[in-house]
Amino acid sequence: MTTERTFSIIKPDATRRNLTGKINAKFESNGLRIVAQKRVRLTQDMAERFYGVHKERPFFKDLVKFMISGPVVVQVLEGTDAVAANRKIMGATNPANADAGTIRKEFAESVEANSVHGSDSLENAKNEIAFFFSEVEIVG
Ligand code: GDP
């Protein structure tokens, strides 16, 4: 058990429905601490670079269009085994397959508009955090 930091995005479908507080309550009640947070509007270039690993996937264009369709809240979450813990709190990519009590089960609209992003490895977490935050903006 180690204290880690992971990167999270509250996606446009959730900010549009004013769900930031309800989603943050899920993180906090499950042991994660929000140590950095800001609301931003991604540009097309930022979204394409952020999701660069998916650029060959058939849904890439739609995903980028969705991610720039409204504001997002980018966050750093800290806690014990935070990367895996957050993936559990989020639930499966497709809300139809997500466990009860997870963010995606309760709030996601579809496999694309699935309310949250969370890093899938510690290495990706480090890179994704650095994409959006400088060290002085992260206060543990
Ligand atoms: P995640 O790590 O659970 O977010 O899932 P992935 O890394 O596989 O996919 C990244 C994001 O692309 C997902 O969170 C969805 O927003 C979107 N996505 C994944 N699969 C599909 C799909 O089959 N169709 C569409 N339109 N979007 C998808």
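One numbering rule holds for all chains: residues counted from 1, following each sequence as written. Totals for whole chains, interfaces and linings use all residues, but because this is a predicted model, local features are given only for residues with pLDDT of at least 70 and pairs of side-chain atoms are given and counted only at 80 or more. Side-chain figures throughout are based on the complete set of non-hydrogen atoms in the structure, without hydrogens or water.

**Q** For this particular structure, what's the right way to read the nonpolar core?
**A** What tends to happen in soluble globular proteins is that the nonpolar side chains get buried as a cluster. Of all hydrophobic cores here, the largest spans 21 residues; its most connected members are F7, M67 and F133. The helix and strand labels rest on DSSP assignments: H or I over at least four residues marks a helix, E over at least two residues marks a strand, and numbering proceeds from the N terminus. Elements that contribute at least two residues to this core include exactly strand 1 (3-10), strand 2 (33-40), helix 3 (44-50), helix 4 (60-67), strand 3 (72-80) and helix 7 (122-132). Considering each element in turn, this core owes the most residues, 5 residues, to helix 4. Nine residue types can take part in a nonpolar core, namely buried Ala, Val, Leu, Ile, Met, Phe, Trp, Tyr and Cys, and a core is a set of them joined through side-chain atoms within 4.5 Å. The rule is simple: take the accessible area with a 1.4 Å probe, protein chains only, and divide by the maximum for that residue type; under 20% is buried, over 50% is exposed, in between is partly exposed. Counting 14 residues, the second largest nonpolar core, distinct from the first, contains I10, I23, L32 and I103.

**Q** Can you help me understand the pairing of strand 3 in this one?
**A** Buried residues dominate strand 3, accounting for 8 of its 9 residues. A pair of strands is treated as paired once DSSP finds two or more bridges between them. In the sheet, strand 1 pairs with strand 3 via 8 bridges, with the strands oriented antiparallel. From the neighbouring strand, E4 faces strand 3, where its bridge partner is G79. As defined by bridge partners, strand 2 adjoins strand 3 across 7 bridges and the pair is classed as antiparallel. The residue of strand 3 that forms the bridge with I34 is L77.

**Q** Where do I start with the packing of aromatic side chains in this structure?
**A** Given two aromatic rings, one states the distance between the centres and the angle between the planes to describe the pair. Between 30 and 60 degrees the pair is tilted, below 30 it is stacked and above 60 it is edge-to-face, where a pair is any two Phe, Tyr or Trp rings, Trp via its six-membered ring, whose centres lie within 6.5 Å. Using the criterion set out here, one finds 6 aromatic pairs in the structure. With a centroid separation of 5.2 Å and 5 degrees between ring planes, the pair formed by F7 and F132 is classed as stacked. Here the residue F7 occupies a position in strand 1, and F132 occupies one in helix 7, the gap between them amounting to 125 residues. Its relative accessible area of 9% is what places F132 among the buried residues. Consider the rings of F50 and Y51, whose centres lie 5.1 Å apart with planes at 85 degrees: the pair is edge-to-face. Per residue, the accessibility class of F50 equals that of Y51, and both read buried. Taken together, the ring pairs connect F7, F50, Y51, F131 and F132 into an aromatic cluster.

**Q** Is there a simple way to explain the site of the ligand in this structure?
**A** Neighbouring the ligand are K11, H54, R57, F59, L63, R87, T93, R104, V111, E112 and N114. Polar contact criterion, stated in full: a pair of N or O atoms within 3.5 Å, where within protein one must be able to donate a hydrogen and the other to accept it, and residues adjacent in sequence count only if both atoms are side-chain atoms. A distance of 2.9 Å is found between an oxygen atom of the ligand and a side-chain nitrogen or oxygen belonging to R87. E112 places a main-chain nitrogen or oxygen 2.8 Å from an oxygen atom of the ligand. For the ligand, whose accessible area on its own is 550 Å², the fraction buried by protein is 79%. Under the scheme applied here, ten amino acids are nonpolar (Ala, Val, Leu, Ile, Met, Phe, Trp, Tyr, Cys and Pro), four are charged (Asp, Glu, Lys and Arg), and all others, including Gly, are polar. Its residues assigned to classes, the shell around the ligand comprises 3 nonpolar, 3 polar and 5 charged. Put simply, a residue is near a molecule or strand once any heavy atom of it comes within 4 Å of that molecule or strand. Accessible surface is estimated by sampling points in the Shrake-Rupley manner with a 1.4 Å probe; for residues, cover comes only from the protein chains shown.

**Q** Just checking my understanding: could you explain the sheet that holds strand 1 for this structure?
**A** Remark on secondary structure: sheet strands pair via backbone hydrogen bonds, oriented parallel or antiparallel. Reading across from one edge, 2-3-1-4 is the order of the 4 strands in this open sheet, with antiparallel pairing throughout. At either margin of the open sheet sits one strand with a lone partner, and together these are strand 2 and strand 4 (116-118). Averaged over neighbouring strand pairs, the angle between their axes works out to 20 degrees when direction is ignored. Here, residues are in contact when the closest pair of their heavy atoms is within 4.5 Å. Note on definitions: angles span 0 to 180 degrees between N-to-C directions of axes, and those axes are lines fitted to C-alpha atoms, for helices only across the stretch in contact. Taken strand by strand, helix 5 (residues 82-90) contacts strand 1, strand 3 and strand 4, and its axis lies near 35 degrees from that of strand 1.

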